[in-house]
Amino acid sequence: MTPLLHLSGLTKAYPGVVANDNVGFEIAPGEVHALLGENGAGKSTLVKMIYGLVRPDSGEMRLHGQAFAPHEPRAARAAGVAMVFQHFSLFEALSVAENIALGMDDAPETDALSDEIRTVSKKYGLTLDPDRMVGDLSAGERQRVEIVRCLLQNPKLLVMDEPTSVLTPQEVDVLFETLRRLRDEGTSILYISHKLEEIRTICDNATILRLGKVVGTCVPAEETPRTMAEMMVGTELKSPTKRPYQPGPVLLDVKNLQLPSKDPFGTSLRDVTFSLHAGEVLGVAGVAGNGQDELLLALSGEELTQNAAITLKGAAIGNKGPNHRRLQGLLAAPEERLGHAAAPDMSLTENALLTGHARQRLTNKGFVKWQATQNFARAIIEKFDVRTPGASHAAKSLSGGNLQKFVIGREIMQRPDVLVVNQPTWGVDASAAAFIREALLELAEQGAGVLVISQDLDELMEISDTFAVLSEGRLSRVRSASGVTIEEIGLLMGGTEVDHAAA
Amino acid sequence: MLRLEARPEPSRAMVLLTPIIAVVATMIAGGILFAILGNNPFTAIRIIFWDPLFNDMVASYTRPQLLVKATPLILMAIGLSFGFRANVWNIGAEGQFIMGAVVGGGTALALYPLESALVFPLIIIMGGLGGFLWAMIPAILKIRFNANEILVSLMLVYVAAQFLAAMVTGPMKSPVGMGFPVSRNFNEYQSAFNAELLSNTGLHFGVLVMMGVVIVGYIFLTRHIFGFQIRVSGQSARASKFAGVNPHTTVALCLGISGALAGLAGLFEVTGPAGKLSTNFPLGYGFTAIIVAFLGRLHPVGILLAGLLMALTYIGGELAQFQMSIPAAAIQVFQGMLLFFLLGVDILVNFRLRWASTKEAR
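The structure presented is a predicted model; accordingly, all values stated were derived computationally and were not measured.

(A) Spatial organisation of the overall build of chain A. Helix and strand content of chain A: 17 helices and 23 strands. Compactness check: chain A gives a C-alpha radius of gyration of 24 Å against a globular reference of 23 Å for 503 residues, within 12% of the reference. Counting only C-alpha atoms, chain A reaches 70 × 55 × 40 Å along its principal axes. For chain A, the proportion of contacts with a sequence separation of at least 24, taken over those separated by at least 6, is 68%.

Quick look at the structure:
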């Protein structure tokens, strides 16, 4: 049988880096094929070539045995290739049908389109109301909009880039059900993900990329997540050892924290209450957009609240700014590395000053002690294994994983009493992620309280002592992490989703 | 088709060389322009860049003029550069310059003929205050209502110009001016006159203040946490908030500093080189200062050099008008080219040009 898509010798070089080097593999009709690799392994470049966004320097692609060289996405779509991106391109102020029409090459009339959307969404089990505003939809529903948009074009090959990163476990199940139906109808799927457990569940074959080259193939069902991760990284991985948790005294006490969101599409915090103890790692789970950013801003001091709502070691700090809190021992590392946790065009030394100047006494009467600051930056780079030619290099020149190690390291090196981190390993390669988790655990072991906000349930299960879920700006009761199952958490996370389905 | 591709990290040497390359490119393109207008381009370039400094026939007049012209440009450009680094766009330095002159000069006129050593310090403070308060209008509107400071500060330039006109035709009109819309001449009022400290050098008190501002500006920008916070604010609003910088304070400080420095520049100008308030007093220094700020890479030392260079093109341009009858408009085009080439070279330092095959571009 001729493969649906045959790739051979694909090479694409950018200045200073070969993104794809002689890459080749095949996808059969009706096959779910996984593309595995760390960040920077060249997965995105490869799918961009298939989707006509990037032209290969050399190599050949064949679709149905015919030469296939799309020079733009429209040509790829016409040949039957559709793609669902990791980041949605939807207009929040338009309806589902209007959004879908905008993305189609020859969109039918709105009424006819709405009917088609209903038909397709019913056929594949993707509940979707064409008349709703996209701004009101959850992340999972927004993804359905993107998927339905692709399905309306009857694709032969569906490319999905990190499709589950914003979904609850229940939503993932729905997605997989859809993918299986598509597969059974003969549609091939190229599936890109970091989540190895999912790949084992859904994919028939996997191709593993490392540094732009194909380093192996496997049948995921016959592998364990660990063996696949080791193929990706190329070395053996160590997993952090969990130590017994003994709650110490309360360090951070949050009572009835309210924070109305200033962003019309943001989430207000409602009555958030919890206590964080010395030595505790509290994991806060939740689907993105349920108040995670707002919780971090309220705790870091970027957004002020009623003074009594937040107490640190007995002192009310709710209306105190970030530097006051840092001096008192409450430090934070936000999710967005470039542009929030770090200033992109500034050097690592300057970025060390960004949060370090108050607590590390890097200024004298307002004058910066640059030598001391540089030493601080170098210490972070050394201790946290940040791969960079030197502290004078710009933050944006670092890879995601290295910059994240720097950002987390910068806070840990300041010996916080309480550290709040949001998505500490988001978009970070497996070895850097393991390193960061280890560092967070070590910090807690030394007696600090650590609050980890994350959407990665496996990560939270691995490092948390206690556990809570943030949903629509409300925090669930904090419970012990031992004995919680992923299914239970998923139900807590998606509680509101169930309501939508019933309505 | 040509395509721009970001360079990972621009070369530091090129960043420093950019202004020089821009000046040379301006000389070449300007020379072509002058040649098209029927003048010898080499003579024209020599008259603009060389004669004001080294031609004995004119240098005794033009050399002091260099400091006189450069001082207000540099004073204002340094103030503006802080704001520009923090994404606070004060386009109205011209208005703050006028208000500094009106408020400071007006104070002097009100005190006339009181002779006292305190008059000059007082009017300096009033001049700075005038510019500061004028700049606080866009600052407060920005903080309170998120009004765009570019528009508000720019509009206030015209308000200030009208205010100046009202003053010199009304309360500040000279009683001995034979009805002309001008104020009393400050060189007739010893305590308020901003005289040359050394004769025939152009060195007046404002020049000293300007030099002090260059040094203090340099120290604050590179060594003080305030300069750091301003740079962070310009890079990313979220990162600066995370660093504990209050964005409202940044807006108020940046507009306040640039307004006060523009006000000082106006005061020194009106009580010294200009000599009197009149409707002809504003010469567009406040707008040229924007060019000077960027030409100097928003850095105090760079601005010092850029201000002197800009003053040179003004003076040399005037010489070229006299001696070669090159139209004033051509000189303005020449000055405009300087900014154009600076920005152009800037892009090439940060990006590289690549030929993209037409297939891919489609």
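(B) Quick peek at the overall build of chain B. Tallying secondary structure elements over chain B gives 15 helices and two strands in all. By the compact-globule yardstick of 21 Å for 362 residues, chain B fits well, its C-alpha radius of gyration being 22 Å. Judged by the C-alpha coordinates and their principal axes, chain B covers about 75 × 55 × 35 Å. Counting only contacts in chain B whose residues sit at least 6 apart along the sequence, the fraction spanning at least 24 positions is 78%.

(C) Representation of the nonpolar core in the model. Residue and element names in this part refer to chain A. Within the largest apolar cluster, 147 residues are counted, with the highest numbers of intra-cluster contacts made by Val159 and Val452. Broken down by element, the residue count for this core peaks at nine residues, all from helix α14 (residues 430-445). No fewer than three residues from each of domain 1 (5-233) and domain 2 (250-502) sit in this core. Not counting chain neighbours up to four residues away, the residues in contact with Val159 comprise Val47, Ile50, Tyr51, Val81, Met83 and Leu190.

(D) Summary view of the pairing of strand β13 (residues 281-285) of chain A. All names here are of chain A. Across the five residues of β13, five count as buried, placing the element largely inside the fold. Pairing analysis gives four bridges linking β13 to strand β20 (residues 449-453), with the strands arranged parallel. From the neighbouring strand, Gly283 faces β20, where its bridge partner is Val452. Note that β13 and strand β21 (residues 466-471) share four bridges and pair parallel. Each bridged residue has a counterpart across the sheet, and for Val284 the counterpart in β21 is Ala468.

(E) How the structure looks around the interface of chain B and chain A. Listed as interface residues are 19 residues of chain B and, on the opposing side, 29 residues of chain A. At the level of elements, α9 (225-235), α10 (237-242) and α15 (358-361) of chain B are the ones that each hand at least two residues to the side of chain B that touches chain A. Taken together, the residues that form the side of chain B that touches chain A break down as eight nonpolar, four polar and seven charged.

(F) A look at the packing of helix α4 (residues 56-85) of chain B against helix α8 (residues 205-223) of chain B. Residues and elements named next belong to chain B. Contact geometry for α4 and α8: axes closest at 9 Å, N-to-C directions at 35°. Considering how the two elements wind past one another, α4 and α8 form a crossing that is left-handed. Side by side, α4 and α8 meet where Leu67, Thr71, Ile74, Leu75 and Ile78 of the first sit next to Gly206, Val207, Met210, Val213, Val214 and Gly217 of the second. Each residue belonging to the contact of α4 with α8 can be placed in one class, and the counts come to eight nonpolar, three polar and no charged.

(G) Geometry of the sheet that holds strand β14 (residues 310-312) of chain A. All names here are of chain A. Taken in spatial order, the four strands line up as β12-β11-β14-β15 in an open sheet, and their pairing is antiparallel. Edge positions in the sheet fall to β12 (269-277) and β15 (315-316), since each has one partner strand and no second. Where β14 and β15 come together, two bridges link them in antiparallel fashion. Each bridged residue has a counterpart across the sheet, and for Thr311 the counterpart in β15 is Ala316.

(H) Focus on the packing of helix α1 (residues 12-36) of chain B against helix α2 (residues 41-49) of chain B. Residue and element names in this part refer to chain B. Contact pair α1 / α2: the axes reach a minimum separation of 8 Å and the direction vectors enclose 125°. Between α1 and α2, the interaxial angle falls into the category oblique. Crossing of α1 over α2 shows right-handed handedness. The residues of α2 that touch α1, namely those facing Met27, Gly30, Gly31, Ile32, Phe34 and Ala35, are Pro41, Ala44 and Ile45. Partitioning the contact of α1 with α2 into residue classes produces seven nonpolar, two polar and no charged.

(I) Layout of the sheet that holds strand β1 (residues 5-14) of chain A. Residues and elements named next belong to chain A. The sheet built from four strands is open, its strands ordered β2-β1-β4-β5 with antiparallel pairing. Two strands in the sheet have a free side with no partner beyond their single neighbour: β2 (17-27) and β5 (66-67). Sheet topology places β1 next to strand β4 (residues 58-63); five bridges connect them, and they run antiparallel. Within β4, the position partnered with His6 by the bridge is Arg62.

(J) Molecular detail of the environment of Glu411(A). All names here are of chain A. Examined against the element boundaries, Glu411 turns out to sit in helix α13 (residues 400-412). Among the residues examined, Glu411 registers 22 C-beta atoms within 10 Å and is labelled buried. Distance from Glu411 to Arg337, taken between C-alpha atoms, is 13 Å for residues 74 residues apart in sequence. Residues contacting Glu411, with those up to four places away along its chain left out, are Leu331, Ala333, Thr355, Pro416 and Leu419.

(K) Spotlight on the pairing of strand β1 (residues 2-6) of chain B. Residue and element names in this part refer to chain B. Burial analysis of β1 places just zero of its five residues in the buried class, which makes it a mostly uncovered element. Two elements, β1 and strand β2 (residues 351-355), share five bridges in a ladder whose sense is antiparallel. Within β2, the position partnered with Arg3 by the bridge is Arg354.

(L) View of helix α11 (residues 247-271) of chain B. Taking 1.5 Å as the rise per residue, α11(B) with 25 residues should run 36 Å; its terminal C-alpha atoms sit 36 Å apart, in good agreement. Burial of α11(B) is extensive: 21 of the 25 residues sit out of reach of the surface.

(M) Focus on helix α7 (residues 149-169) of chain B. All names here are of chain B. Here α7 spans 30 Å end to end across 21 residues, near enough to the 30 Å set by a 1.5 Å rise per residue. The complete set of buried residues in α7 reads Glu149, Val152, Ser153, Leu156, Val157, Ala160, Leu164, Met167 and Val168. Buried residues of α7, viewed axially, fall in a sector of 155°; they line one side. Exposed and facing more than 90 degrees away from the buried side of α7 are Tyr158 and Gln162.

Criteria and thresholds
Residues numbered from 1 in each chain as written. Chains lettered and ligands numbered in written order. Predicted model: local features only at pLDDT ≥ 70, side-chain atom pairs only at ≥ 80, totals over all residues. Helix = DSSP H or I, 4+ residues; strand = E, 2+ residues; numbered from the N terminus. Rg over C-alpha atoms; globule rule 2.2 N^0.38 Å. Contact = placed C-beta atoms within 7 Å. Core = buried A, V, L, I, M, F, W, Y, C linked by C-beta atoms within 7 Å. Buried ≥ 20, exposed ≤ 12 C-beta atoms within 10 Å, placed from the backbone. Domains from an automatic or database assignment. Pairing = 2+ DSSP bridges. Nonpolar A, V, L, I, M, F, W, Y, C, P; charged D, E, K, R; others polar. Axes fitted to C-alpha atoms, helices over the stretch in contact; angles between N-to-C directions. Left-handed = near helix turned anticlockwise from the far one by under 90°. Parallel < 35°, antiparallel > 145°, perpendicular 65-115°, else oblique. Expected span 1.5 Å × (residues − 1). Arc of directions from axis to C-beta.

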